[in-house]
Amino acid sequence: MPAIKVKCIVAKIFITDIEPNQEVETYFVVGEKQLRTARNGTPFLTLKLVDKTGEIVGRVWERAEQTMEQVPVSSLVLIRGRSEKFRDELQLQIQEISPISREQIDPADFLPICPISIEQLFDTLKAQMSTLKRRHFQLLMKAFLADRDLMARFKQAPAAKSVHHAYLGGLLEHTVSVIGLVSRICEHYPDLNRDLLLVGAVWHDVGKVFEFSYDLYIDYSHSGRLLGHMILGLEILQEKLRSLKTFPAEDAMLLKHLILSHHGESQFGAVRLPMTREALALHFADDVDAKMNSVGKILEAGGKSEAWTSYQPLYERFFFRGLPPLAEEGSTIQAADEETGGIQLKIWSKKTERSEAPG
């Protein structure tokens, strides 16, 4: 390992600001670590380094095994290294790495925050719950909203570790969005049980308040890994239902089914397949909102002048951003090519075409 040494803290350089072939000296949280072996048999350490703008891979080649032992996951580290492109991905070759204390950094550098006002989102949620018609659902949501400790967590928790709404307040933003989607679905399909669906939209991900830890880095808690947010959410719901002696047993069962089935398929974590129309509606609303947020982040990330994103393994495809601005003023889009049916973009001036045409 590069020698571990105590240093004065340096200015924060965010991951999104790092360019290839740049000398980098700044601090990160260690998200993950893995000791690997190169083709020549040399061990090296791969670190996932994280701040609020994203993550970057760092590699340690000297004394990799010792570094593996001395740099825990979720610890703060000061690194000195150089950035480079490897297989079209930016990474850091680390020469020095030093553990640092929390007192030496600004926590705001690490956890991204929901772009929408938390109180605005919470007011929207309460307004939607005020439209419930059936008394027992009203009482359940009253008990939910009156739980101050739960609400404090609910307003702060992320909705995921990385894929969608992975920031403080992300769970509340996602929940309010799903409520809005199911409300519109009920307008289109008025035979659906609107009260059940709206309450199910609130409760479907509630277990995430305990599934994740989110101090300087979003990760799974012990209960999150062992149980998952569906079981945790079911436990929170059951606790509230015990205080409501007159809550109908059938509606309690249907609400629990919404929690257990909202991932849609067992391969994606559903405990049960959706077996009611409301369960199907909630699953699709949840899936649409998660994917729209996820793809939105992908489209915003790096290379905004590029027509296409890099390949996205999660979705097994590229995403189209739109055609970049034409290279020259006055450039025009030609009619579709008669032979191929494609669109020919005319980006070269006639002078350039004459001087550089092959042959």
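What to know about the overall build of the protein
Right, so step 1: Along its length, the protein carries 12 helices and 9 strands.
Right, so step 2: Here the protein holds 359 residues, and the buried ones make up 43% of them.
Right, so step 3: For the protein, the share of sequence-separated contacts (at least 6 apart) that also reach a separation of at least 24 residues comes to 55%.
Right, so step 4: Element-wise, carbon and sulfur atoms account for 53% of the exposed surface of the protein, whose accessible area totals about 20,200 Å².

Considerations on the packing of aromatic side chains
Right, so step 1: According to the stated counting rule, one finds 9 aromatic pairs in the structure shown.
Right, so step 2: Plain terms: the ring middles of phenylalanine 44 and tryptophan 61 are 4.6 Å apart, the flat faces sit at 25° to each other, and that makes the pair stacked. Residue phenylalanine 44 is found in strand E2 (residues 43–51), and its partner tryptophan 61 is found in the loop between strand E3 (54–60) and helix H1 (64–70); the two are separated by 17 residues along the sequence.
Right, so step 3: Here tryptophan 308 and phenylalanine 320 contribute two aromatic rings whose centre-to-centre distance is 4.9 Å and whose plane-to-plane angle is 50°, an arrangement assigned as tilted. Here the residue tryptophan 308 occupies a position in the loop between helix H11 (277–300) and strand E8 (332–336), and phenylalanine 320 occupies one in the loop between H11 and E8, the gap between them amounting to 12 residues.
Right, so step 4: Relative accessible area serves as the criterion here: at 48%, tryptophan 308 is assigned to the partly exposed category.
Right, so step 5: Just above the ring of tyrosine 27 sits the side chain of lysine 12; from NZ or CZ to the centre is 5.3 Å.

Side note on the pairing of strand E4 (residues 76–86)
Note on strand geometry: in a regular strand, side chains alternate between the two faces of the sheet.
Right, so step 1: Pairing of strand E1 (residues 23–37) with E4, which is carried by 7 bridges, proceeds in the antiparallel orientation. Among the inter-strand pairings, threonine 26 is bridged to a residue of E4, identified as isoleucine 79.
Right, so step 2: Of the pairings in the sheet, the one linking E4 to strand E5 (residues 89–99) comprises 10 bridges and is antiparallel in character. Opposite serine 83, over in E5, you have leucine 92 as the bridge partner.

Topic: the nonpolar core
Right, so step 1: Ranked by internal contacts, the top residues of the largest apolar core, which has 54 residues, are Leu140, Phe144, Phe154 and Trp203.
Right, so step 2: If we skip the residues at most four places from it in the chain, phenylalanine 144 touches Leu150, Met151, Phe154, Val202, Trp203, Val206 and Lys240.
Right, so step 3: Counting 17 residues, the second-largest nonpolar core is a separate cluster that includes Phe28, Val30, Leu49 and Val71.

Things to note about unusual backbone geometry
For residues other than glycine, phi is negative in most cases, and the peptide bonds are mostly trans.
Right, so step 1: The phi angle at arginine 63 is positive, at roughly 50°, despite the residue not being glycine.
Right, so step 2: Looking at where arginine 63 falls in the secondary structure, it is placed in the loop between E3 and H1.
Right, so step 3: Phi angles above zero are rare outside glycine, and glutamate 316 is one such case at about 55°.
Right, so step 4: By the element assignment, glutamate 316 lies in the loop between H11 and E8.

Calculation notes
Residues numbered from 1 in each chain as written. Predicted model: local features only at pLDDT ≥ 70, side-chain atom pairs only at ≥ 80, totals over all residues. Heavy atoms only, no water. Helix = DSSP H or I, 4+ residues; strand = E, 2+ residues; numbered from the N terminus. Buried < 20%, exposed > 50% of the residue type's maximum accessible area, 1.4 Å probe, protein only. Contact = heavy atoms within 4.5 Å. Areas by Shrake-Rupley, 256 points an atom, 1.4 Å probe, with all protein chains shown as cover. Phe/Tyr/Trp six-rings, centres within 6.5 Å; stacked < 30°, edge-to-face > 60°. Lys NZ or Arg CZ within 6 Å of the ring centre and 35° of its normal. Pairing = 2+ DSSP bridges. Core = buried A, V, L, I, M, F, W, Y, C linked by side-chain atoms within 4.5 Å.

The values reported here are purely geometric and, on their own, carry no functional implication.
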